[in-house]
Amino acid sequence: MRSWWQEIADLVLPADCAGCGRPGGTLCDRCREALRGSGARRVLPSPVPPGLPVVHAAVEYADEARAVLLAHKERGVLRLAWPLGEALAGAVRAVCGARPALAGEAKGRVAVERESERRPRGLSSICGYRRTGGRARSTVDRGQPRPKAGGGLSAPEANRALGKPLLLVPVPSARRAVGARGHDPARRIALAAAGVLRGGGRPVRVPAVLRQLRRVTDQSGLGARQRRANVSGALGVVPGGDRLLAAGPVVLVDDLMTTGASLAEAARAVTAAGGRVAGAAVVAASLVRINRN
């Protein structure tokens, strides 16, 4: 767990960039720009775990982005939460403008597409609002195709979401991991992303509704099938969480996606409690190729 003196040291002592290691601050301008990427992209793991919602990632899990995420998660460099939150907010915006994934889009471990190449400009039908002139305006484009199961909200559901806050629901970390790190990385980044989105006029909440029902094995080193088995049935909703989930559409959030098993399990738990999952957003995803089709 981080000590109080580590928190103070982060504030008063010069720090090297968490992304590239150069002196001059916790995150240099070049690495901050790299973390923003060129626009959030839809990511699709292969194989796709059953029940996985549409997922968007801000950047690839590599180079500067990987270093920054690890510095925040494992070394507790908490000042990185805001730039990571900015990146996650971009992925959340992409979720709200997404259309459902098509069968056969995955080629390789994770296939990706630029969201700007896949949707009409300004359309945000899944979360039930449209951005016009930089402001959020509630509307639904009825001409858009109905999302498939796990692909977002249907047109009637999007209509019901009008005027309701967007719920960013973090995938919970294991209690022992939170204790060892001294913080919950995904929740901290989600809170930062909520601040960014609120600054743009979007009502957002970050309810702590998911909890682990049992212990799970460390996912590192496990394959896709093993990860699905490891987390299957491991998540549930806290008492009273169903009332919190009724407040608006849900975007599941996490810092990283590899196989998608944790996000699929989170979607199952939220849906079982009556929540409406619009999609999922992550800061980074492990990518091997870009699908330009």
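Right above here is the structure, for reference.
Calculation notes
- Residues numbered from 1 in each chain as written.
- Predicted model: local features only at pLDDT ≥ 70, side-chain atom pairs only at ≥ 80, totals over all residues.
- Heavy atoms only, no water.
- Helix = DSSP H or I, 4+ residues; strand = E, 2+ residues; numbered from the N terminus.
- Buried < 20%, exposed > 50% of the residue type's maximum accessible area, 1.4 Å probe, protein only.
- Contact = heavy atoms within 4.5 Å.
- Disulfide = S-S within 2.5 Å.
- Core = buried A, V, L, I, M, F, W, Y, C linked by side-chain atoms within 4.5 Å.
- Salt bridge = Lys/Arg side-chain N within 4 Å of Asp/Glu carboxyl O.
- Axes fitted to C-alpha atoms, helices over the stretch in contact; angles between N-to-C directions.
- Parallel < 35°, antiparallel > 145°, perpendicular 65-115°, else oblique.
- Left-handed = near helix turned anticlockwise from the far one by under 90°.
- Nonpolar A, V, L, I, M, F, W, Y, C, P; charged D, E, K, R; others polar.
- Expected span 1.5 Å × (residues − 1).
- 1 Å grid on protein atoms, 1.4 Å probe; cavity = no way out; pocket = protein on both sides within 12 Å on 5 of 7 lines; lining within 4 Å.
- Points joined across faces, edges and corners; volume = space filled by probe spheres on them.

A.B. asks: Explain the overall build of the protein chain to me, please; I cannot follow it from the model alone.
C.D. replies: If you tally the helices and strands in the protein chain, you get 10 helices and 11 strands. Counting over 293 residues, the protein chain shows a buried share of 49%. Within the protein chain, contacts between residues at least 6 apart in sequence are counted, and of these 74% link residues at least 24 apart.

A.B. asks: Whenever I open this one, the state of the cysteines confuses me. Can you help?
C.D. replies: A covalent bond bridging the sulfur atoms of two cysteines is what the word disulfide describes. Under the defined criterion, the tally for this structure stands at 0 disulfides. Free cysteine: Cys 20, not disulfide-bonded; nearest cysteine sulfur from Cys 17 at 3.7 Å. Looking at Cys 20, the relative accessible area reads 27%, which means it is partly exposed.

A.B. asks: Even after reading the chapter, I still don't get the nonpolar core, so can you show me in this structure?
C.D. replies: A general feature of soluble globular proteins is that nonpolar side chains tend to end up buried together. In this structure, Val 92, Leu 168 and Val 251 are the most contacted members of the largest nonpolar core, which totals 39 residues. Secondary structure elements with two or more residues in this core: helix H2 (29-36), strand S2 (55-60), helix H3 (63-74), helix H4 (81-95), strand S6 (166-170), helix H7 (185-199), strand S10 (250-257) and strand S11 (277-285). For this core, the element with the most residues is H4, which contributes 8 residues. Apart from residues no more than four positions distant in its own chain, Val 92 is found in contact with Leu 166, Leu 168, Leu 197, Val 251, Val 253 and Ala 281.

A.B. asks: Would you mind showing me how to read the pattern of salt bridges here?
C.D. replies: Close approach of charged atoms allows side chains of opposite charge to pair. Taken as a whole and assessed by the stated rule, the structure comprises 5 salt bridges. Residue Arg 30 pairs with Glu 64 through a salt bridge whose shortest N-O separation is 3.1 Å. Of this pair, Arg 30 sits in helix H2 while Glu 64 sits in helix H3, and the two are 34 residues apart along the sequence. A relative accessible area of 44% means that Arg 30 is categorised as partly exposed. Among the salt bridges present, the one from Asp 255 reaches Lys 73, with a minimum N-O distance of 3.0 Å. Residue Asp 255 is located in strand S10, and its partner Lys 73 is located in helix H3; the two are separated by 182 residues in the primary sequence.

A.B. asks: How should I be thinking about the packing of H4 against H7 in this particular structure?
C.D. replies: Helices that pack against each other are described as a pair by the angle of their axes relative to one another and the distance between those axes. In contact at an axis separation of 7 Å, H4 and H7 are set at 65° when each is read in the N-to-C sense. When the axis of H4 is compared with that of H7, the two are roughly perpendicular. H7 is crossed by H4, and the crossing has right-handed handedness. Across the interface between the two elements, Ala 81, Trp 82, Leu 84, Gly 85, Glu 86, Leu 88, Ala 89, Val 92 and Arg 93 from H4 touch Arg 188, Ile 189, Ala 190, Ala 192, Ala 193, Gly 195, Val 196 and Leu 197 from H7. In the contact of H4 with H7, the residues fall into 12 nonpolar, 2 polar and 3 charged.

A.B. asks: Sorry if this is basic, but what is going on with unusual backbone geometry here?
C.D. replies: In most cases, non-glycine residues show a negative phi, while peptide bonds are predominantly trans. For the bond from Ser 46 to Pro 47, the omega torsion is 5°, close enough to zero to count as cis. Position of Pro 47 relative to the elements: it lies in the loop between strand S1 (41-45) and S2. A positive phi is found at Asp 63, a non-glycine position, where the angle reads about 50°. Here Asp 63 is to be found in helix H3.

A.B. asks: Explain H3 to me, please; I cannot follow it from the model alone.
C.D. replies: Think of an α-helix as 3.6 residues a turn; residues three or four steps apart then line up on the same face. The end-to-end C-alpha distance of H3, which contains 12 residues, comes to 16 Å, matching closely the 16 Å that a straight helix rising 1.5 Å per residue would cover. Within the sequence span of H3, burial applies to Glu 64, Ala 65, Val 68, Leu 69, Ala 71, His 72 and Lys 73. Residue Gly 76 follows H3 closely and has a positive phi angle near 70°.

A.B. asks: In this structure, what is going on with the layout of surface pockets? I would like to understand it.
C.D. replies: Over the atoms rolls a probe the size of a water molecule, and in doing so it shows where empty space is left. Volume-wise, the second largest pocket comes out at about 340 Å³. Surrounding the second largest pocket, 18 residues form its lining, Pro 172, Ser 173, Ala 174, Arg 175 and Gln 212 being those nearest its centre. Among the elements of the structure, helix H6 (175-181) and strand S8 (210-212) are those that each provide at least two residues to the lining of the second largest pocket. A per-class count over the lining of the second largest pocket returns 9 nonpolar, 2 polar and 7 charged.

A.B. asks: It is not clear to me how the environment of Ala 269 should be interpreted in this structure. Could you clarify?
C.D. replies: You can see Ala 269 is positioned in helix H10 (residues 261-272). Between the C-alpha atom of Ala 269 and that of Arg 211, which follows or precedes it by 58 residues, the distance is 9.5 Å. Setting aside residues up to four positions removed in sequence, Ala 269 forms contacts with Leu 210, Leu 235, Gly 236 and Val 237.

A.B. asks: Explain the side chain of His 72 here, please?
C.D. replies: Within the secondary structure, His 72 is located in helix H3. In this structure His 72 comes out as buried when scored by relative accessible area, which is 1%.

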